[in-house]
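# Coordinates in review
These are the residues of each chain, in order.
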Amino acid sequence: MSTETETRTLLLGADDEFVREEAGRRGAVARTRGERIRLVIAHVFVYLAAAVFVSPLVYAFFSALKPNIEIFSMPPTLIGSQVKWGNFAEVFAYGPFWTYIGNSLFVGVAGTLVVLAVSTTAGYAFGRLRWKGRDAVFLLFLGTLMVPAEVLVIPMFQVMQWFGWVNTYQALILPFAFTAFGTFLMRQFFRGIPFELEEAARVDGAGPIRTFLQIILPLSKSSVAVLSVFTFLSFWNSYLWPLIVTVDYSTLGTLPVGLASFSGLTGTRWDLQMAAAIISMIPTTLLVIVLQKHLVKGIAMAGLGGR
Amino acid sequence: MTTTTKRRGSLARVETRQALGFASPALVGLALFTIVPVGLSIVMSVFDWPTFGDRTFTGADNYAKLFTASPDFWPALRNSAVYTLLYVPLSVALSLVLAIGLGPRIRGRGALRVLFFIPVVVPMVANVLVWKMMLQPQGLFNGIAQGWFGVSLPNFLADPFWAMAMVVAMSVWQGLGYNMLIFSAALEQLPDSVLEAASIDGARGFRLVWSVMIPMISPAIFFATIMTMISSLQVFAQPQLLTGGGPGNATKPLVMFIWEQGFTFGDLGLAAAAAWILFAIIIAITGMQFAAQRKWVHYEH
């Protein structure tokens, strides 16, 4: 019973957080004068820090709207003599940014789907099924987590050459879609699902594939969502590997390598570079705004909250 | 009795077969894209292995060459060390202060969290470009200093000391939101009862933070320190794009050295050897951290 409630709390996590935030807001009514002063100081500190923190992004945005010769005007100005929204359009004329965005989207979505398929099935095998050698193999999985991607890129490039995969989509998607992190995360979550649920289904004659698809996966929506978001972001922002394995940036470049090569090609056109940087920032910023309620919970759930 | 054992045995066999079916995509992928590359990397590191052309076995020559005949290797080690020593404490301390400051009673807390998280989720290249513009001799920093205070600042990216300082500063700014969220998540999991008990005992403000909150989230601080340290030893995009490793090799860290050897000079064997050195350093430092954690990390159970 208690485990069932726990599962439900996890599934309803968003409301739970909402309730807690409401409680926090109610607590915001300071009780004593000292407390009120302390709260005001905390607000001043936090908002000042936020203002300093965000100023590079704000300045970059306004620089993207300036004529290029005014970027380095002295003393610096926030708004130039004219507001050139056309800079954003010019970026798309100068470099194939739609291609970059499309490539990043395709690689990110395809990579995430592969990771999800691989980690949920393997997580099920490691977390719910009993088989000989399971724990030894799982330990091997965990061991590979210690090997940083930087150690793998050199031999991986050689493997890609042997496969004839250099400068292909599969080289951007597959090599880093089998890391043990997702399997580990899903296994941890699956283990927390009460076994009675699965046993009841088994008694009713459901095989492991059916229990996996109809019982385990639907109960794991929240952690699957967390894994998808983190995986998508890591594909979307990956820089070193696409830089190495892509040759023709204009057709296969993802957004990071595309932006880097754009900056190399446009040299001193800082107006365009800032516009391009802002354009590159928009998609994932929107993603974070949409998912903001789940950010902290996601980090905590991905096992990043403590040990 | 015997029939049940037999039945159980065959059931176990069925379950093993099913489990292997479920695990096989992961197992094949892991073998192909992790185990094989790791093995291959060991082999490559003991060969003279150019990108194209003949490979010859050279034993430990690549390793010896790194330490004796590769002019950029020692500086790369030093740069990685300097970067890590500056970046990790700054990043952990600042994000901890921020997470504590951004408590549940701050209005607009959710929006502020998103704000601090933006540089974490946008492409690093975009972040670097913004900083590169601000750090130009005529850029925002120098512009403000000259225009408002009449002070002229050094040409940051052309000076070895300032270039490294700015790579660190830019990285701290970029990674702040991530550690902050880790600490926020840990702080939110603190039981209210403990905080209430502490405040009834008269612990307030700094005392409450220093003697109660920080010890109680020390596992999260430990985790964040290790992860930040590992990621700072892997730093690549920031120096590669902001300074190109320069001036000279003043900001060229280990991963950039590896990338350059492998893909600019086409010496994959030497690059693989350097990657193993990096791996050894990461393992050694992580091991030392785990050994030291008993001194300061406080676990609940």
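Now for the overall build of chain A. Regarding its fold elements, chain A presents 17 helices and zero strands. Scored against the burial criterion, the 307 residues of chain A give a buried share of 39%. Counting contacts in chain A only where the partners sit at least 6 residues apart, residues at least 24 apart contribute 74% of the total.

Across its full length, chain B carries 13 helices and two strands. Over its C-alpha atoms chain B spans a radius of gyration of 25 Å, topping by over 25% the 19 Å that the globule rule assigns to 301 residues. By principal-axis analysis of the C-alpha atoms, chain B measures approximately 90 × 65 × 35 Å. The 301 residues of chain B split such that 41% are buried. Put simply, of all contacts in chain B between residues at least 6 apart along the chain, 69% involve residues at least 24 apart.

For the rest of this paragraph, the subject is the interface of chain A and chain B. Taken together, the 83 residues of chain A in the interface contact 83 residues of chain B. Broken down by element, the side of chain A that touches chain B gets its largest block of residues, 15 residues, from helix H3 (residues 33–63) of chain A. Here the side of chain A that touches chain B is composed, by residue class, of 61 nonpolar, 17 polar and five charged.

What follows is about the environment of glutamine 238 of chain B. Relative to the assigned elements, glutamine 238 of chain B resides in helix H11 (residues 237–242). Once residues within four sequence positions are removed from consideration, glutamine 238 of chain B is found in contact with Met124, Val128, Val167, Met170 and Ser171 of chain B.

A word on helix H8 (residues 192–200) of chain B. Because an α-helix completes one turn every 3.6 residues, residues spaced three or four positions apart along the sequence face the same direction. Counting buried positions over the nine residues of H8 of chain B gives zero, only a small fraction of the element. Positive phi shows up at glycine 202 of chain B, right after H8 of chain B, with a value of about 95°.

Reading fine detail from the predicted coordinates is not recommended where pLDDT is low. Residue and element names in this part refer to chain A. Here chain A averages 83 in pLDDT, and 87% of its residues register 70 or above. Looking at the elements of chain A, mean pLDDT is at its lowest for helix H1 (residues 2–11), recorded as 34, and at its highest for helix H8 (residues 169–173), recorded as 95. A low-confidence stretch, residues 1–28 stays under pLDDT 50, and its non-local contacts, those more than four residues away or across chains, total 18 contacts. A low-confidence stretch, residues 303–307 (pLDDT under 50), is modelled with 17 contacts involving residues beyond four sequence positions or located in other chains.

Next up on the list: the domain arrangement of chain B. Under the domain assignment used here, chain B contains domain 1 (2–45) and domain 2 (61–296). Between the C-alpha centres of domain 1 of chain B and domain 2 of chain B there is a distance of 38 Å.

So, about the packing of H3 of chain A against helix H4 (residues 109–121) of chain B. Direction vectors running N to C along H3 of chain A and H4 of chain B enclose 35°, while the axes themselves pass 10 Å from each other. Once H3 of chain A is placed against H4 of chain B, the crossing between them reads as left-handed. Residues Val46, Ala50, Phe53, Val54 and Leu57 of chain A of H3 of chain A touch H4 of chain B, and the partners they reach there are Leu112, Leu115, Phe116 and Ile118 of chain B. Classifying every residue of the contact of H3 of chain A with H4 of chain B by side-chain character gives nine nonpolar, no polar and no charged.

Turning to unusual backbone geometry, a few remarks are in order. Of note, the phi angle at asparagine 167 of chain A is positive, near 65°, even though the residue is not glycine. Residue position: asparagine 167 of chain A is located in the loop between helix H7 (149–163) and H8.

Further remarks concern the environment of alanine 126 of chain B. Looking at where alanine 126 of chain B falls in the secondary structure, it is placed in helix H5 (residues 124–134). Taking the C-beta count within 10 Å as the criterion, alanine 126 of chain B has 28 such neighbours and is therefore assigned buried. Excluding its chain neighbours within four sequence positions, the residues that come into contact with alanine 126 of chain B are Leu259, Ala277, Ser280 and Met281 of chain A.

Moving on: the packing of H4 of chain B against helix H7 (residues 160–188) of chain B. Residue and element names in this part refer to chain B. At a minimum axis separation of 6 Å, H4 and H7 run at an interaxial angle of 125°. Judged by the inter-axis angle, H4 sits oblique to H7. Pair H4 / H7 crosses with left-handed handedness. Here H4 contributes Arg113, Phe116, Phe117, Pro119 and Val120 to the contact with H7, which in turn contributes Trp173, Gln174, Gly175, Leu176, Gly177, Tyr178, Met180 and Leu181. Within the contact of H4 with H7, the residues separate by chemical class into nine nonpolar, three polar and one charged.

Moving on: the nonpolar core. Of all hydrophobic cores here, the largest spans 153 residues; its most connected members are Ala277 of chain A together with Val125, Phe183 and Ala274 of chain B. Ranked by residues supplied to this core, first place goes to H7 of chain B with 15 residues. Counting contributing residues per domain, this core is built from domain 1 (2–45) and domain 2 (61–296) of chain B, each supplying no fewer than three. Other than its neighbours up to four places away in sequence, valine 125 of chain B contacts Tyr239, Pro256, Leu259 and Ala260 of chain A together with Ala237 and Leu241 of chain B.

Residue and element names in this part refer to chain B. In the predicted model, chain B carries a mean pLDDT of 88, and 96% of its residues have values of at least 70. Of all helices and strands in chain B, the one with the weakest mean pLDDT is H8 (80), whereas helix H3 (residues 73–101) scores best (95). Across the interfaces of the predicted complex, the ipTM metric reaches 0.86, alongside a pTM of 0.86.

Let us look at the environment of methionine 134 of chain B. Within the element layout of this structure, methionine 134 of chain B appears in helix H5. The exposure class of methionine 134 of chain B is buried, given the 22 C-beta atoms found within 10 Å. Setting aside residues no more than four positions away along its own chain, methionine 134 of chain B makes contact with Pro56 and Tyr59 of chain A together with Gly139, Leu140 and Phe141 of chain B.

Here we come to helix H12 (residues 221–237) of chain A. For H12 of chain A, spanning 17 residues, the distance from its first C-alpha to its last is 24 Å, which sits close to the expected 24 Å at 1.5 Å a residue. Here H12 of chain A has its buried residues at Ser223, Val224, Val226, Leu227, Thr231, Phe232, Phe235, Trp236 and Asn237 of chain A.

Cut-offs used in this document
- Residues numbered from 1 in each chain as written.
- Chains lettered and ligands numbered in written order.
- Predicted model: local features only at pLDDT ≥ 70, side-chain atom pairs only at ≥ 80, totals over all residues.
- Helix = DSSP H or I, 4+ residues; strand = E, 2+ residues; numbered from the N terminus.
- Buried ≥ 20, exposed ≤ 12 C-beta atoms within 10 Å, placed from the backbone.
- Contact = placed C-beta atoms within 7 Å.
- Rg over C-alpha atoms; globule rule 2.2 N^0.38 Å.
- Nonpolar A, V, L, I, M, F, W, Y, C, P; charged D, E, K, R; others polar.
- pLDDT = per-residue confidence, 0-100.
- Domains from an automatic or database assignment.
- Axes fitted to C-alpha atoms, helices over the stretch in contact; angles between N-to-C directions.
- Left-handed = near helix turned anticlockwise from the far one by under 90°.
- Parallel < 35°, antiparallel > 145°, perpendicular 65-115°, else oblique.
- Core = buried A, V, L, I, M, F, W, Y, C linked by C-beta atoms within 7 Å.
- Expected span 1.5 Å × (residues − 1).

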